[in-house]
Amino acid sequence: MEILACRRPVLVSILKNRKLIKRCNNYSHNHQRSMSHIMQRRIDRNPLFKINNPQLTRHFAMIRVLKSVLKLRYLVLGSAVGGGVSVSKKFQEWKDSLPDLSWLEDIFPNNDVANTVQTSLKSILNTVQNIDFAKIVEGISPIITKAATPTSKDYKQKLEISQQEILEIQLKYQKELEKLEKENKELRKILLLAKNHKMNMRKVKKSLIDMYSELLDELNDYDSNYQTQDHLPRVIVIGDQSSGKTSVLEMIAQARIFPRGAGEMMTRAPVKVTLSEGPYHVAQFKDSAREFDLTKESELAELRKEVEARMKNTVGRGNSVSNEVISMTVRGPGLQRMVLVDLPGIISSVTQGMAPDTRECIRQMSTAYMSNPNAIILCIQDGSVDAERSNVTDLVSQIDPHGRRTILVLTKVDLAEKNLANADRVNKILSGSLFPMKALGYFAVITGKGNQNDSIDSIKEYEENFFRNSKLFRESIGISSQLTTRNLSMAVSDCFWKMVRETVEQQADSFKATRYNLETEWKNNFPRYLELDRDELFEKARGEVLNEVVNLSLVSVNAWEEKLSAELWNGISHYIIENVYLPAGYSVNQTNSTASFNTMVDIKLKQWAEEQLPRKSINIGWAVLKDMFKTMFEENQNQKPQASDEILETLKVAVIDEALNRHSWEDKALEMLRVIQLNTLEDRCIKDKHNWEQAAQFFISTLENNLKITDGLLKEMVGPSNYEKWFYWQSSTAEQTKRNNIKYELENLLHSNPTHSNLLSKDEQITISNNLKQKNGTPCELDDIWQTWYLVYRRHYFKTALQNAQIIKNQFCLYQQSNGLQNEFYDIEMFWRISRMIKVTSNVLRQQITNRELRRLHKELKEVLDEYSQNNEMKCKLLTGRRVTLVEELNKVKQIQEKLEDFIQALNKEK
């Protein structure tokens, strides 16, 4: 506000007059000395003056003294009056430039609020206007006159009195200015609240510092092969551990926002704090919508816990510090706009519990932040310890040897005044003569009273009282602008914005060049593709995957049922042959009764249909759905290779596999399918010839397939035939030869008794063993006979059943005439029941797939896609390649460039 600017002419004039006193004193002494030399030369040259006349010499001496004194007084009074006139003129110009208060009526809808603001403004203006600079000049002139008179014997004593009086005048008007600032802060809060109330239906425009903070966040996340460096200004707060570094930041932010520890390392990660002006004193993290009210101690405690928790989360296992930045914004009335980064304190040694490389990690981190040529280094030095023990000053001097962007802050000066025997060391630090380190400015502050629970307001009051009564402040009038955190905050803010205005254009030009390079690379390498980033490619893949489900619903009914029928029979054929058909058929040969076949088949099929068949069928149906989905997906990719994007294949396959693994059949379909299958298996009547022929053909193909499999197993057991031995030069092993001899004996047994049961008697086993011993001279084990008999009899049974099936295939008329009561058609009936059950089950599964499961699969695909869309790590894993990373870098550079341009435009408007 322009109201605050009124203090500068007053202070400048006082300081100018003070400097003028000193210059006048020097001038007086020099002038007196020069006049003495001139008069002596004139006496030496003129013979009239060589007369030995003491009275005349005394008169000339008095004249010379009076002449020099009168000239000095005229100069001092003239400069004082001239300075006062100049200040009065500038003050009158400033009063004339004050704005009209009628604009408040447009902002405040309520007349009471407008009257309140107008009254406050008028009271402030009246206070300022009542300052009589003529009286100030009149009051200062005698003081200056007294201080400028060197003839007094008590010159030093009067000079001290004059300085004390000048100091009291400075303090008087300093209090007036502080009072005006406080009233101005309250007024600005009222104005901001009124503007927010009026613009609550409008789009809120971001402040300049918020735009700059977001720009820094974008640059912090930016990374590319071109490595465009971030050279935008920040205020880097660095200092030795426990030097009061974090406390300085809290005093600037006017809130206790950081966790505290007695000598313990608390700052474990960089904390970026953006200070901006607002009607309420609140704090907010970058990635959170919650605002912490900094005027309430309970929410301050929660904020400190949150900061501490975030620091612990950023530090990995086995480490003590982290490079991950914690970003937060602090808003409040009267806060200076700037961006500060609080770094971990510099340590000289590693203590127990720290990682061994903690010291080097902190130094590397600090060096990296300070290496930014436009970063403002806020170097914090503990004033209560010896300056020679400082670690941070050497590190800062290496980075910024000329001190062009370094501000040295001396903390705990109240302890320094008590503990130091030579208090002048503090003055030397503030004047820059103690340290070899050069700095842009030197400040002394107090950030605490020794109690962690002290409020910011109480500390500020203690700081002002200390500097008002301190010997350092009284004896060193010229450093008053270098004291208190308020002056520090204003100086740092001015330096920060000056640096921003000087460097932001260069950073914008740098990103323009980077953008041109990236666009050139894209045009040369990927001219046929659109510039789609990871998210856009993911959305493209999302549409293609969901379209595959739509294409799956277009599969014909016959295709579904043929696939399901084939897979169902492949899944249950082994159980039907081994557990139902062969046991029932072997029982017929053992009992010579065909009725036992149907009885055993009915029992086994019913038990199987109740316990295993429904679940087995559902698993087969799910496998068919999965196989059909993948098959159609691959066919579509092969049919349209140009339309498909190879960079999306990995993502689509991963999404489909994940959705299929999650998918499960509806449980209610299981009970429904069990009832249908039981009813179907109970119906054994074949009603027409077409069904008869289908059942017979199904039975014959099953027998042929099993006979082929059995022949293969038997051939592997007994070795090659004589034909293969002669023409293909194959030979048998000793074991195969032995098994071949056993096979020969067993075939003779079956040839003599074709209706032999599947069991060998003890006598038959002994007879076969003896025959083999007599022919080959080697005994044979009974286990070898049993293993060979299993395959030999199995092949014999399949051959016999196949011959009978070929005969009864064309006997549907006999079956129809017997009304299904003739037992010789039992095997055809069984396979009719199985084939019809497969057909009905396929129909039910097909309806379940098309009506229910495809919709559920579509929903699960959406869920997987939604999860993957929120998982950046998964997207980076599945969408890879230079094409993806190049687009992301290009988009990031464009985004940063746009933010830079918007910020520059807003900066120029504010200027």
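These figures come from a predicted structure and were not determined experimentally.

Asks: What is the right way to look at the overall build of the protein in this model?
Replies: Looking only at helices and strands, the protein has 31 helices and nine strands in total. Across the 911 residues in the protein, those meeting the buried criterion constitute 45%. Look at the contacts in the protein between residues 6 or more apart in sequence, and 80% of them connect residues 24 or more apart. Only carbon and sulfur atoms are counted for the fraction: they give 50% of the accessible area of the protein, which is about 48800 Å².

Asks: Is there a simple way to think about the packing of helix H10 (residues 358–370) against helix H11 (residues 392–399) in this case?
Replies: Helix packing for two helices is described by the angle between their axes and how far apart those axes are. As a packed pair, H10 and H11 sit with axes 10 Å apart at the nearest point and diverge in direction by 40°. Considering the angle they form, H10 stands oblique to H11. In this structure, H10 crosses over H11, and the sense of that crossing is right-handed. Taking contact as the criterion, the partners of Arg-363, Ser-366, Thr-367 and Met-370 in H10 are, on H11, Leu-395, Val-396 and Ile-399. Taken together, the residues of the contact of H10 with H11 sort by class into four nonpolar, two polar and one charged.

Asks: Quick question: what am I supposed to make of the packing of aromatic side chains here?
Replies: Working definition: an aromatic ring pair is given by the centre-to-centre distance plus the angle between the planes. Summed over all chains, the structure comprises 22 aromatic pairs. Ring centres of Phe-285 and Phe-292 lie 6.1 Å apart, and the angle between their planes is 90°; on these two criteria the pair is classed as edge-to-face. We classify Phe-292 as buried; its relative accessible area is 4%. Here Tyr-581 and Phe-699 contribute two aromatic rings whose centre-to-centre distance is 5.8 Å and whose plane-to-plane angle is 75°, an arrangement assigned as edge-to-face.

Asks: Sorry if this is basic, but what is going on with the environment of Ala-508 here?
Replies: Relative to the helices and strands, Ala-508 resides in helix H16 (residues 485–525). It is 6.3 Å that separates the C-alpha atoms of Ala-508 and Gln-897, two residues lying 389 residues apart in sequence. The contacts of Ala-508, once residues within four sequence positions are left out, are Leu-900 and Ile-904.

Asks: Would you mind showing me how to read unusual backbone geometry here?
Replies: With the exception of glycine, most residues fall at negative phi, and the peptide bonds are largely trans. The phi torsion at Thr-484 lies on the positive side, around 75°, for a residue other than glycine. Here Thr-484 lies in the loop between helix H15 (471–475) and H16.

Asks: Just to check I follow, could you spell out the confidence of the model for the protein for this structure?
Replies: Low pLDDT marks stretches whose predicted atomic positions should not be read closely. Confidence in the prediction of the protein, expressed as mean pLDDT, is 76, and 71% of residues score 70 or more. Element-level pLDDT for the protein is lowest in helix H1 (residues 7–45), with a mean of 42, against a maximum mean of 92 in helix H23 (residues 689–718). Segment residues 101–111: pLDDT under 50, and 20 contacts once partners within four positions in sequence are set aside and those in other chains are kept. Segment residues 197–204 is flagged for pLDDT under 50; beyond a separation of four residues in sequence, or across chains, it makes three contacts in the model.

Asks: What am I meant to see in the sheet that holds strand E7 (residues 376–382) here?
Replies: In any sheet, the strands associate via hydrogen bonds between backbone groups, in a parallel or an antiparallel arrangement. Spatially, the nine strands line up as an open sheet ordered E4-E3-E5-E2-E6-E1-E7-E8-E9, and their pairing is mixed. Among the strands making up the open sheet, the edge pair consists of strand E4 (292–293) and strand E9 (441–444). Two strands pair when backbone bridges link them, and strand E1 (residues 235–239) and E7 are joined in this way by five bridges, in the parallel orientation. Along E7, the bridge assignment pairs Val-237 with Leu-378. Running at roughly 160° to strand E6 (residues 338–342), helix H8 (residues 245–253) makes contact with E1, strand E2 (271–277), strand E5 (326–332), E6, E7 and strand E8 (406–411) of the sheet.

Asks: Please clarify how the packing of helix H26 (residues 762–776) against helix H27 (residues 782–808) should be interpreted in this entry.
Replies: Running from N to C, H26 and H27 cross one another at 105°; their axes reach a closest spacing of 10 Å. For the element pair H26 / H27, the angle class is roughly perpendicular. Only Leu-782, Ile-785 and Trp-786 of H27 make contact with H26, whose side of the interface consists of Lys-762, Gln-765, Ile-768 and Ser-769. Residues belonging to the contact of H26 with H27 are distributed by class as follows: four nonpolar, two polar and one charged.

Asks: What exactly am I supposed to notice about a nonpolar patch on the surface here?
Replies: Taken together, Tyr-723, Trp-726, Phe-727 and Tyr-728 make up a surface patch of nonpolar side chains, about 600 Å² in accessible area. By secondary structure assignment, the location of Phe-727 is in helix H24 (residues 722–727).

Asks: Help me out: how do you make sense of the side chain of Glu-724 in this one?
Replies: Turning to its location among the elements, Glu-724 is positioned in helix H24. Engagement of the side chain of Glu-724 in a polar contact is seen with the backbone nitrogen of Ser-721, the distance being 3.2 Å. With residues near it in sequence (within four places) discarded, Glu-724 still touches Lys-715, Trp-729 and Gln-730.

Asks: Quick question: what am I supposed to make of the nonpolar core here?
Replies: Grouped together as the largest cluster of nonpolar side chains are 103 residues, with contacts concentrated most on Leu-552, Tyr-581 and Leu-861. Element by element, the count of residues in this core is highest for helix H29 (residues 826–870), at 17 residues. Once you skip the residues sitting within four places of it in the chain, Leu-552 turns out to touch Trp-560, Leu-625, Met-628, Phe-629, Met-632 and Leu-854.

Asks: What am I meant to see in the pattern of salt bridges here?
Replies: For side chains of opposite charge, pairing can occur when their charged atoms come near one another. Scanning the entire structure with this criterion turns up 41 salt bridges. The partner of Arg-256 in a salt bridge is Glu-250, and the shortest N-O contact between them spans 3.2 Å. For the pair Arg-256 and Glu-250, a shared accessibility class is recorded, and that class is buried. Measuring nitrogen to oxygen at the nearest pair gives 2.8 Å for the salt bridge that ties Arg-833 to Asp-602. Taken together, the positions of Arg-833 in helix H29 and Asp-602 in helix H19 (residues 595–611) put the pair 231 residues apart, joining distant regions of the chain. Here the salt bridges share partners, and the residues they tie into one network are Asp-711, Lys-743, Glu-747 and Arg-795.

Asks: Is there a simple way to think about the pairing of E2 in this case?
Replies: Side chains on a regular strand alternate between the two faces of the sheet. Most of E2 sits out of view: six of its seven residues are buried. Bridge count for E2 against E5 is seven bridges, and the pairing is parallel. Its bridge partner being in E5, Ser-276 is matched across the sheet by Arg-331. Relative to E6, E2 runs antiparallel, the two being bridged by five bridges. Looking at the pairing, Leu-275 lines up with Met-338 of E6.

Asks: Just checking my understanding: could you explain helix H25 (residues 734–752) for this structure?
Replies: Since the α-helix packs 3.6 residues into each turn, any two residues three or four apart lie on the same face. A rise of 1.5 Å per residue sets the reference length of H25, with its 19 residues, at 27 Å; its end C-alpha atoms lie 28 Å apart and thus fit the reference within 8%. In this structure, the buried side of H25 is in contact with H23, H26 and H27.

Asks: What should I look at first to understand the environment of Arg-836 in this one?
Replies: Along the chain, Arg-836 turns up in helix H29. Sequence-wise, Arg-836 and Leu-681 are 155 residues apart; in three dimensions their C-alpha atoms are separated by 7.9 Å. Other than its neighbours up to four places away in sequence, Arg-836 contacts Thr-680 and Asp-683.

Asks: It is not clear to me how the environment of Asn-525 should be interpreted in this structure. Could you clarify?
Replies: Tracing the backbone shows Asn-525 in helix H16. Taking the C-alpha atoms as reference points, Asn-525 and Arg-883, separated by 358 residues in sequence, lie 8.5 Å from one another.

Asks: Sorry, what's going on with the side chain of Thr-503 here?
Replies: Within the fold, Thr-503 resides in helix H16. For Thr-503, a relative accessible area of 5% puts it in the buried group. Beyond its immediate sequence surroundings of up to four residues, Thr-503 is in contact with His-231, Pro-233 and Asn-374.

Conventions we followed
Residues numbered from 1 in each chain as written. Predicted model: local features only at pLDDT ≥ 70, side-chain atom pairs only at ≥ 80, totals over all residues. Heavy atoms only, no water. Helix = DSSP H or I, 4+ residues; strand = E, 2+ residues; numbered from the N terminus. Buried < 20%, exposed > 50% of the residue type's maximum accessible area, 1.4 Å probe, protein only. Contact = heavy atoms within 4.5 Å. Areas by Shrake-Rupley, 256 points an atom, 1.4 Å probe, with all protein chains shown as cover. Axes fitted to C-alpha atoms, helices over the stretch in contact; angles between N-to-C directions. Parallel < 35°, antiparallel > 145°, perpendicular 65-115°, else oblique. Left-handed = near helix turned anticlockwise from the far one by under 90°. Nonpolar A, V, L, I, M, F, W, Y, C, P; charged D, E, K, R; others polar. Phe/Tyr/Trp six-rings, centres within 6.5 Å; stacked < 30°, edge-to-face > 60°. pLDDT = per-residue confidence, 0-100. Pairing = 2+ DSSP bridges. Patch = residues over 30% accessible without salt bridge, like charges linked within 9 Å, V, L, I, M, F, W, Y side chains within 5 Å. Salt bridge = Lys/Arg side-chain N within 4 Å of Asp/Glu carboxyl O. Polar contact = N/O pair within 3.5 Å; in protein donor to acceptor, adjacent residues only side chain to side chain. Core = buried A, V, L, I, M, F, W, Y, C linked by side-chain atoms within 4.5 Å. Expected span 1.5 Å × (residues − 1).

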